[in-house]
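What follows is the residue order along each chain.
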Amino acid sequence: MQEIKPKFSLKDQLFNKEKVEYLSWLIKNVYPDFKELEFQMDILEKFPDLELKERINHISNMFKKYLPNDFEKAVNILLKSLPEVIENWEMDNNFWDFIFCPYSDFVAKNWCNKEYLNFSLNTLEKMTCNFSAEDSIRYFLNEFEDETFEKMLEWSKSLNYHHRRLSSEWTRQKLPWCQKINLDYKKTIEILNNLYLDESRYVTRSVANHLNDISKIDPELVIKTLALWQNNNKSKDINYIISHSTRTLVKKWDKNTLELLWYSDNPKIEVLNFNIKNDIVKVWENLEFDFDILFKKQENLILDYRIYFVLKNWKLWEKVFKIKKLKWKKLDKIKVLKKHPLRLMSTKKLFEWIHKIELQINWKNIISDSFKLIY
């Protein structure tokens, strides 16, 4: 009998009873008059009916209810309650604890006005070190574009990598979970010019994601910007920025992008011995396949594979998966091995049937075969 695994809930992992108790404990330590038990009850009784972003907004509303009416006093209590940030370059993909997201939300939702503009922006500057404030800062950008943009330029040169990363992330055109912004995307290149050589991958990953967003609107601007950066610097980090920034353009087989990345649409190679090792595969097991590549000249290759799943009513659902990138200088033969885990998916139901797999090199279909999926 197949084991039924509990459904994962991101909102319950990030916002739950233990997290709310921890938050109220931190505030109580710096604000003795804080009614921590009432605060917890008010929050938790509504949690079952709220989605993730609604929980953030609900906690933010409870700050307004249980903290002093004086804005500066309330904000200073929240700032004092934040745990000390341990700066560690090995943790540059760490967003810290989501339970602190309502802090910046509280500032943006209640005091995005001219009177408190500088105070609020300086507050978000401090709060973003505990949890990124890219959504909250967008309220100020839409209301006070010039002042907020100048602040972001200042942060792009900060000694603190959280500030530098925020200066890129806040202006992304298609930032997940966040409100849209009215800022002209061309204007943000001035900020990115200060960041693309940053020593923190946390920052440069944001720069690359930022450019990838722009590539969906203005591919020419992205290629022009990357080419300029490439000419000015030859480090490995530039290669990362270019590769990660152009992933959408690469999928579209954009000619200018391919020239920038040195990929040929007709590589001088030969694929040999494509072999599926287990053509009958059980769900939760790996589909394993391998093949050889014979190089006839020096080539840059991107290896992908596409699986065509047969779904209900005999409809096909296809998805592309990555294998690796190769920059091969030797004129010889190499073997490539790949294991694909056939897990149950929340969005699509896998059926017992014969499915197709297709090898792609530099986005061209090379060879295909089939496998049977069973439970």
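Here the structure is shown first, and the text comes after it.
Calculation notes
Residues numbered from 1 in each chain as written. Predicted model: local features only at pLDDT ≥ 70, side-chain atom pairs only at ≥ 80, totals over all residues. Heavy atoms only, no water. Helix = DSSP H or I, 4+ residues; strand = E, 2+ residues; numbered from the N terminus. Buried < 20%, exposed > 50% of the residue type's maximum accessible area, 1.4 Å probe, protein only. Contact = heavy atoms within 4.5 Å. Pairing = 2+ DSSP bridges. Salt bridge = Lys/Arg side-chain N within 4 Å of Asp/Glu carboxyl O. Polar contact = N/O pair within 3.5 Å; in protein donor to acceptor, adjacent residues only side chain to side chain. 1 Å grid on protein atoms, 1.4 Å probe; cavity = no way out; pocket = protein on both sides within 12 Å on 5 of 7 lines; lining within 4 Å. Points joined across faces, edges and corners; volume = space filled by probe spheres on them. Nonpolar A, V, L, I, M, F, W, Y, C, P; charged D, E, K, R; others polar. Axes fitted to C-alpha atoms, helices over the stretch in contact; angles between N-to-C directions.

Visitor: Sorry if this is basic, but what is going on with the environment of Val203 here?
Guide: Topologically, Val203 is positioned in helix H12 (residues 201-215). Taking relative accessible area as the criterion, Val203 reaches 0% and is therefore assigned buried. Sequence spacing of Val203 and Asn113 is 90 residues, and the spatial spacing of their C-alpha atoms is 29 Å. Residues within four places of Val203 in sequence aside, it is in contact with Tyr161, Arg164, Arg165, Leu195 and Asp198.

Visitor: I keep staring at the pairing of strand E4 (residues 299-310) and nothing clicks. Help me out?
Guide: With 12 of its 12 residues buried, E4 lies for the most part within the structure. Taking every second residue as pointing to the same face, both faces of E4 are buried, with Glu299, Leu301, Leu303, Tyr305, Ile307 and Phe309 on one and Asn300, Ile302, Asp304, Arg306, Tyr308 and Val310 on the other. As defined by bridge partners, E4 adjoins strand E5 (residues 316-328) across 12 bridges and the pair is classed as antiparallel. In the sheet register, Asn300 faces E5, and the bridge partner there is Lys327. Pairing between E4 and strand E7 (residues 353-361): 6 bridges, direction antiparallel. Each residue of the ladder has a partner; that of Ile307, found in E7, is Ile357.

Visitor: Please explain the pattern of salt bridges as it appears in this structure.
Guide: Charged atoms that come close allow side chains of opposite charge to pair. The final tally for this structure, using the stated rule, is 23 salt bridges. The shortest N-O distance in the salt bridge between Lys151 and Glu125 comes to 3.6 Å. Placement of the pair is Lys151 in helix H9 (residues 145-155) and Glu125 in helix H7 (residues 117-127), with a sequence separation of 26 residues. Judged by its relative accessible area of 12%, Lys151 falls in the buried class.

Visitor: How should the side chain of Asp213 be read in this particular structure?
Guide: Residue placement: Asp213 occurs in helix H12. Residue class for Asp213 comes out buried when judged on its relative accessible area of 3%. At 2.9 Å, the side chain of Asp213 and the side chain of Arg172 are in polar contact. Discounting residues that sit within four places of it in the chain, Asp213 has contacts with Arg172, Gln173, Lys174 and Leu175.

Visitor: Mind showing me how you'd approach the pairing of strand E3 (residues 286-295) here?
Guide: Within a regular strand, the side chains alternate between the two sheet faces. A large share of E3 lies buried, amounting to 7 of its 10 residues. Here strand E1 (residues 269-276) runs beside E3; their pairing, made up of 6 bridges, is antiparallel. The residue of E3 that forms the bridge with Ile269 is Phe295. Relative to strand E6 (residues 333-341), E3 runs antiparallel, the two sharing 9 bridges. If you follow Phe289 over to E6, its bridge partner there is Lys338.

Visitor: Sorry if this is basic, but what is going on with empty space enclosed by the protein here?
Guide: Space left empty within the atom packing is revealed by a probe, the size of a water molecule, rolled over the atoms. For the structure shown, the criterion picks out 1 cavity of 30 Å³ or more. Roughly 40 Å³ of volume is contained in the largest cavity. Lining the largest cavity, in full, are Thr128, Ser132, His162, Arg165, Leu166 and Tyr202. Tallying contributions element by element places helix H10 (residues 161-169) first for the lining of the largest cavity, with 3 residues. A class-by-class count of the residues in the lining of the largest cavity yields 2 nonpolar, 3 polar and 1 charged.

Visitor: Before we go on, may I ask you to explain the sheet that holds E3 in this structure?
Guide: Where strands meet in a sheet, backbone hydrogen bonds hold them as pairs that are either parallel or antiparallel. Read across the sheet, 3 strands follow the order E1-E3-E6 without closing on themselves; strand pairing throughout is antiparallel. Edge positions in the sheet fall to E1 and E6, since each has one partner strand and no second. For this sheet, the mean inter-axis angle between neighbouring strands, taken without regard to orientation, is 20°.

Visitor: Where do I start with the sheet that holds strand E8 (residues 364-374) in this structure?
Guide: Taken together, 5 strands build an open sheet; the order of strands is E2-E8-E7-E4-E5 and the sheet is mixed. Here the strands that pair on one side only, and so sit at the sheet edges, are strand E2 (280-282) and E5. Pairwise comparison of adjacent strand axes, ignoring direction, gives a mean angle of 30° for this sheet.

Visitor: Sorry, what's going on with the layout of surface pockets here?
Guide: Put simply, the largest pocket is a space of about 530 Å³. Along its surface, the largest pocket is lined by 28 residues, and Phe131, Glu134, Pro176, Trp177 and Cys178 are the ones closest to its centre. Listed by contribution, the elements that provide at least two residues to the lining of the largest pocket are helix H4 (52-66), helix H6 (101-110), helix H8 (134-143), H10 and H12. Within the lining of the largest pocket, the residues separate by chemical class into 12 nonpolar, 7 polar and 9 charged.

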